[in-house]
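# Remarks on the overall topology
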Amino acid sequence: MAAACSRSFCKVGRSFLETPATARSGTASFLLGNAATHSSRRGFSSGGPGFRSRLVSSVRAGGGRVLGCAFLLGGGLGLYQTLKLSLQQHLAQEDSKVSGGSPKMTLYQYKTCPFCSKVRAFLDFYGLPYEIVEVNPVMRQEIKWSSYRKVPILMVDAELQLNDSSVIISSLRTLMISKEKSLSDIIRCYPEMKAVNDRGKEVTEYNNKYWLMLSEAQNADVYPAKGMQKEEMKWRQWADDWLVHLISPNVYRTTGEALASFDYIVREGKFGTVEGFFAKYVGAAAMFIISKRLKNRHNLQDDVRQDLYKAVNDWVAAIGKNRKFMGGDQPNLADLAVFGVLRVMEGLQAFDDMMENTKVKHWYRRMERATLNHEGRS
């Protein structure tokens, strides 16, 4: 529409320049006469009738050519802006095709939650842009709109809600590989199930959450070697079912460590002043007691550090000496899951002890660089 208007301006301008002066002066007189009449009615005229007559006379003497040039200039500028806008839109569309049209993603999280850290590790490694909403772990007002009351929650384009860290990761990775599918279709492959656990509490679980929903050809491309897919799924589940349960007993092992841990949680989390004070001291005392129960529930040794060391060394042994990562030269989803879980201990005594007393350091530093530099983006 804008282009049509610009072309009309150009046509009018050409007609002024090509029309004989006598015909042109009549047209100009009509235009300026009307303008002068409206100007007089509105009380904006500054020169009176004499001024208007001189202006019309000047137009009759050749001002039509000036007016024609003005029309041409206006039409040309309008056409330029239209073409510029069209080019920008075209480039944006092409860029969207190349990048896959990354959706807008918002992650609702607790920064110190290992499951949220897993999702951040995945998003960072693949260079997927996202915004963070830090949730107050006491009031949880930031997710009051959701019937699912845990974190992480990932909102995609402010419409589609993804729950559970492993479902989020599997869904997005499937979308990145299988571009012919929509995210809504992919999510339906991970049905939600309600169940009652051994403590009589209702829990939500998801079927197939460690699977990528790919075609046979795509699956062969992602997992070229025999056993790669099975290995990745096994260790992703291990991170959720075992490794994550070693975190709390280790970071709340002593009263001093519990206090240091909650000082970190309050500092990094979203707490008010009074909330933060009570969370730090009351929460530290409570979690010190709870960590002892967790130790018994998961049949951990009296020295829970030994369980952490063994788990981490088992992971390093599974990678082996000939691979940088479990995924080979690049991290796979198991690498990202284990890294995300271990990362939440950074800055605490448990993390320092782990790095000093296990063989995980070199792998961990490679993972840090890979996520920081978004190496999966290429």
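Residues numbered from 1 in each chain as written. Predicted model: local features only at pLDDT ≥ 70, side-chain atom pairs only at ≥ 80, totals over all residues. Heavy atoms only, no water.

### Things to note about the nonpolar core
Counting residues in each nonpolar core, the largest one holds 64 residues, and the members touching the most others are Phe122, Trp315, Leu342, Met345, Met354 and Trp363. At eight residues, the largest contribution of residues to this core is made by helix 13 (residues 333-343). Here tryptophan 315 is in contact with Trp235, Trp238, Met326, Ala334, Asp335, Val338 and Trp363, once residues within four sequence places are set aside. In this structure, Tyr110, Val135, Met155 and Val167 belong to the second largest nonpolar core, which totals 15 residues. (Core = buried A, V, L, I, M, F, W, Y, C linked by side-chain atoms within 4.5 Å. Buried < 20%, exposed > 50% of the residue type's maximum accessible area, 1.4 Å probe, protein only. Helix = DSSP H or I, 4+ residues; strand = E, 2+ residues; numbered from the N terminus. Contact = heavy atoms within 4.5 Å.)

### Structural notes on the packing of aromatic side chains
Overall, the coordinates contain 13 aromatic pairs when judged by the stated rule. Taken together, a centroid distance of 6.4 Å and an interplanar angle of 10 degrees make the contact between tryptophan 238 and tryptophan 315 stacked. With tryptophan 238 in helix 8 (residues 228-241) and tryptophan 315 in helix 12 (residues 304-319), this pair connects stretches of sequence that are 77 residues apart. The residues tryptophan 238 and tryptophan 315 share a single accessibility class, namely buried. Taking 6.4 Å as the distance between ring centres and 65 degrees as the angle between the ring planes, the aromatic pair formed by tryptophan 363 and tyrosine 364 counts as edge-to-face. (Phe/Tyr/Trp six-rings, centres within 6.5 Å; stacked < 30°, edge-to-face > 60°.)

### Remarks on empty space enclosed by the protein
Any empty space left between the atoms is revealed when a probe the size of a water molecule rolls over them. This model, assessed by the stated rule, comprises one cavity of 30 Å³ or more. Estimates place the volume of the largest cavity at around 30 Å³. What lines the largest cavity is simply Lys118, Ser166, Ile169, Tyr210, Arg236, Asp240, Leu333 and Ala337. For the lining of the largest cavity, the secondary structure elements donating two or more residues are helix 5 (165-177), helix 8 and helix 13. Its residues assigned to classes, the lining of the largest cavity comprises four nonpolar, one polar and three charged. (1 Å grid on protein atoms, 1.4 Å probe; cavity = no way out; pocket = protein on both sides within 12 Å on 5 of 7 lines; lining within 4 Å. Points joined across faces, edges and corners; volume = space filled by probe spheres on them. Nonpolar A, V, L, I, M, F, W, Y, C, P; charged D, E, K, R; others polar.)

### As for the side chain of aspartate 240
Residue position: aspartate 240 is located in helix 8. For aspartate 240, the residues in contact, after removing those within four places along its chain, are Phe115, Lys118, Ser166, Tyr210 and His245.

### A short note on the environment of isoleucine 187
Structurally, isoleucine 187 is set in helix 6 (residues 183-187). Residues isoleucine 187 and leucine 175, twelve residues apart in the sequence, show an inter-C-alpha distance of 10.0 Å. When near neighbours in sequence (up to four residues on either side) are disregarded, isoleucine 187 contacts Leu160, Leu162 and Ser171.

### Things to note about the pattern of salt bridges
Summed over the entire model, instances satisfying the criterion amount to 17 salt bridges. The shortest N-O distance in the salt bridge between arginine 253 and glutamate 257 comes to 2.9 Å. For glutamate 257, a relative accessible area of 10% gives the class buried. Because the salt bridges share partners, they merge into one network encompassing Arg253, Glu257, Asp303, Arg305 and Asp353. (Salt bridge = Lys/Arg side-chain N within 4 Å of Asp/Glu carboxyl O.)

### Observations regarding the sheet that holds strand 2 (residues 131-134)
Across the sheet, four strands lie side by side as 2-1-3-4; this open sheet has mixed pairing. Strands with a single pairing partner mark the edges of an open sheet, and in this sheet they are strand 2 and strand 4 (160-163). Ignoring which end each strand starts from, the neighbouring axes of this sheet average 20 degrees apart. Taken strand by strand, helix 5 contacts strand 1 (105-109), strand 3 (153-156) and strand 4, and its axis lies near 125 degrees from that of strand 4. (Pairing = 2+ DSSP bridges. Axes fitted to C-alpha atoms, helices over the stretch in contact; angles between N-to-C directions.)

### Description of the packing of helix 8 against helix 13
At a closest axis distance of 8 Å, the pairing of helix 8 and helix 13 adopts a crossing angle of 15 degrees. The angle between helix 8 and helix 13 places the two elements in the roughly parallel class. Relative to helix 13, helix 8 is oriented so that their crossing is left-handed. In this structure, helix 8 uses Glu232, Trp235, Arg236, Trp238 and Ala239 to contact helix 13, whose residues at the interface are Leu333, Ala334, Ala337, Val338 and Val341. Its residues assigned to classes, the contact of helix 8 with helix 13 shows eight nonpolar, no polar and two charged. (Parallel < 35°, antiparallel > 145°, perpendicular 65-115°, else oblique. Left-handed = near helix turned anticlockwise from the far one by under 90°.)

### Structural notes on the packing of helix 8 against helix 12
One can describe the packing of helix 8 onto helix 12 by two numbers: an axis separation of 13 Å at closest approach and a directional angle of 170 degrees. One finds that helix 8 runs roughly antiparallel with respect to helix 12. Where helix 8 abuts helix 12, its residues Glu231, Trp235 and Trp238 lie against Ala311, Asp314, Trp315 and Ala318. Across the contact of helix 8 with helix 12, the residue classes break down as five nonpolar, no polar and two charged.

### Looking at unusual backbone geometry
Omega for the peptide link from valine 151 to proline 152 comes to 5 degrees, which places this bond in the cis form. Following the sequence through the fold, proline 152 ends up in the loop between strand 2 and strand 3.

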